[in-house]
Amino acid sequence: MSIGPSGKAAGKAMVVGATGAIGSVCARLLAKAVDEVYLAAPEPAKLLALKESVEQETPGAIVHVAGSAERDLADMDMIVTATSGAGKRILDIMKVKPGCVITDVARPLDIPAEDVAKRPDVLVIESGQIQLPGEVRMKDIGLSDGVVYACLAETIVLALEARFENFTLGRNIEWEKVREIYKLGLKHGMKLAAISGVNGVFGEDDFERVRELVADNK
């Protein structure tokens with residue numbers, strides 16, 4: 001997505017499972033970064049309350065709501081899935097437009113590997129990994145040397161800051177805390193090491209493949 005006149009990314013982003021702990025903070029952050037945000041969840045009262053809250057926090061934000069993702073799915077440039085619907089069909093990936101970026105932050109994952117395989121022209125991100133600074137000695141957790149999952153990186157940041165407290169925990173995660181832990185990570189020299197999909201770490205070849213497939217469909 002390009003940057004529009006508003007200074008935000010010119011496009012549309014959707015959060016599926018928007019009223020949950022992770023979904024709501026994603027909605028708040030996306031409203032500050034993308035022109036239009038679509039919030040999908042099956043709880044009308046919570047959804048409308050979230051919409052009002054986001055609009056108050058980010059004046060000028062364009063926020064739409066829906067009981068499910070299906071109606072607006074084909075128009076989205078970016079989708080975040082953050083539901084607790086384990087085993088349920090969350091969205092029809094065949095309706096997503098080429099080049100869409102989907103970030104699946106649900107655990108278990110909302111989008112099964114067999115669905116991801118149907119759309120090589122869509123980038124489905126499962127997780128981000130963080131490179132720790134300096135020489136790190138730790139047990140093998142199945143990642144490259146000095147690389148950890150973001151949740152563990154947060155704990156390490158808090159320890160480096162001597163802040164022995166719960167942080168982004170529970171149902172009411174504040175977007176200010178997400179921004180704070182990000183800045184503290186940068187302060188201590190942490191950086192994004194890689195992003196992964198269901199088949200492992202994405203490389204530049206994977207991104208180029210999606211670009212080429214999108215170009216072929218135009």
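Residues numbered from 1 in each chain as written. Predicted model: local features only at pLDDT ≥ 70, side-chain atom pairs only at ≥ 80, totals over all residues. Heavy atoms only, no water.

A. Structural detail: the environment of Ala-33. By secondary structure assignment, the location of Ala-33 is in the loop between helix 1 (21-31) and strand 2 (34-40). On a C-alpha basis, the gap between Ala-33 and Ile-173 in space is 18 Å, while along the polypeptide they are 140 residues apart. (Helix = DSSP H or I, 4+ residues; strand = E, 2+ residues; numbered from the N terminus.)

B. Structural view of the pairing of strand 4 (residues 78-81). The sheet contact formed by strand 1 (residues 9-16) and strand 4 spans four bridges and is parallel. If you follow Val-15 over to strand 4, its bridge partner there is Val-80. With four bridges joining them, strand 4 and strand 5 (residues 101-104) adopt parallel strand pairing. Bridge pairing links Thr-81 to Asp-104 in strand 5. (Pairing = 2+ DSSP bridges.)

C. A look at the sheet that holds strand 6 (residues 123-125). Spatially, six strands are ordered 3-2-1-4-5-6 in an open sheet, and the strand pairing comes out parallel. Each having just a single partner strand, strand 3 (62-66) and strand 6 make up the two edges of the open sheet. If you compare each strand with its neighbour and ignore which way they point, the axes differ by 15° on average. Summarising the sheet, strand 2 and strand 3 pair through five bridges and their orientation is parallel. Pairing of Glu-36 across the sheet is with Ile-62, part of strand 3. Across the sheet, helix 2 (residues 44-57) is in contact with strand 2 and strand 3; its angle to strand 3 comes to roughly 175°. (Axes fitted to C-alpha atoms, helices over the stretch in contact; angles between N-to-C directions. Contact = heavy atoms within 4.5 Å.)

D. Region of the structure containing unusual backbone geometry. Its identity as a non-glycine residue notwithstanding, Ala-162 has a phi of 55°, on the positive side. Inspection of the secondary structure assignment puts Ala-162 in the loop between helix 4 (150-160) and helix 5 (175-187).

E. Highlighting the state of the cysteines. For the structure on display, the rule yields zero disulfides. Summary of cysteine pairing: Cys-100 is not part of a disulfide, and the nearest cysteine sulfur, belonging to Cys-26, is at 14 Å. When its relative accessible area of 1% is taken as the criterion, Cys-100 is described as buried. Cys-151 carries a free sulfur, and the closest cysteine sulfur to it, the one in Cys-26, is 15 Å from it. (Disulfide = S-S within 2.5 Å. Buried < 20%, exposed > 50% of the residue type's maximum accessible area, 1.4 Å probe, protein only.)

F. Up close: the side chain of Gln-129. Within the secondary structure, Gln-129 sits in strand 7 (residues 127-131). Judged by its relative accessible area of 7%, Gln-129 is buried. Those residues in contact with Gln-129 that lie beyond four places of it in its chain are Leu-143, Val-147, Val-148, Tyr-149, Lys-191, Leu-192, Ala-193, Ala-194, Ser-196 and Val-201.

G. Structural view of the packing of aromatic side chains. Under the criterion given, the structure shown has one aromatic pair. Here Phe-202 and Phe-207 contribute two aromatic rings whose centre-to-centre distance is 6.0 Å and whose plane-to-plane angle is 40°, an arrangement assigned as tilted. Here Phe-207 falls in the partly exposed class, since its relative accessible area comes to 22%. (Phe/Tyr/Trp six-rings, centres within 6.5 Å; stacked < 30°, edge-to-face > 60°.)

H. Up close: helix 1. Most of helix 1 sits out of view: nine of its 11 residues are buried. What helix 1 keeps buried is the set Ala-21, Gly-23, Ser-24, Val-25, Cys-26, Ala-27, Arg-28, Leu-30 and Ala-31. Of the surrounding secondary structure, the elements contacted by the buried residues of helix 1 are strand 1, strand 2, helix 2, strand 4 and helix 5.

I. Molecular detail of the nonpolar core. Residues Val-15, Ala-18, Leu-30, Leu-39 and Leu-50 are the most contacted members of the largest nonpolar core, which totals 18 residues. For this core, the element with the most residues is helix 1, which contributes four residues. When residues no more than four places from it in sequence are discounted, the contact partners of Leu-39 are Val-15, Ala-18, Ala-27, Leu-47, Leu-50, Lys-51, Val-63, His-64, Val-65 and Ala-66. Membership of the second largest hydrophobic core comes to 17 residues, among which are Val-16, Tyr-38, Ile-90 and Val-96. (Core = buried A, V, L, I, M, F, W, Y, C linked by side-chain atoms within 4.5 Å.)

What is shown is where atoms sit, not what they do.
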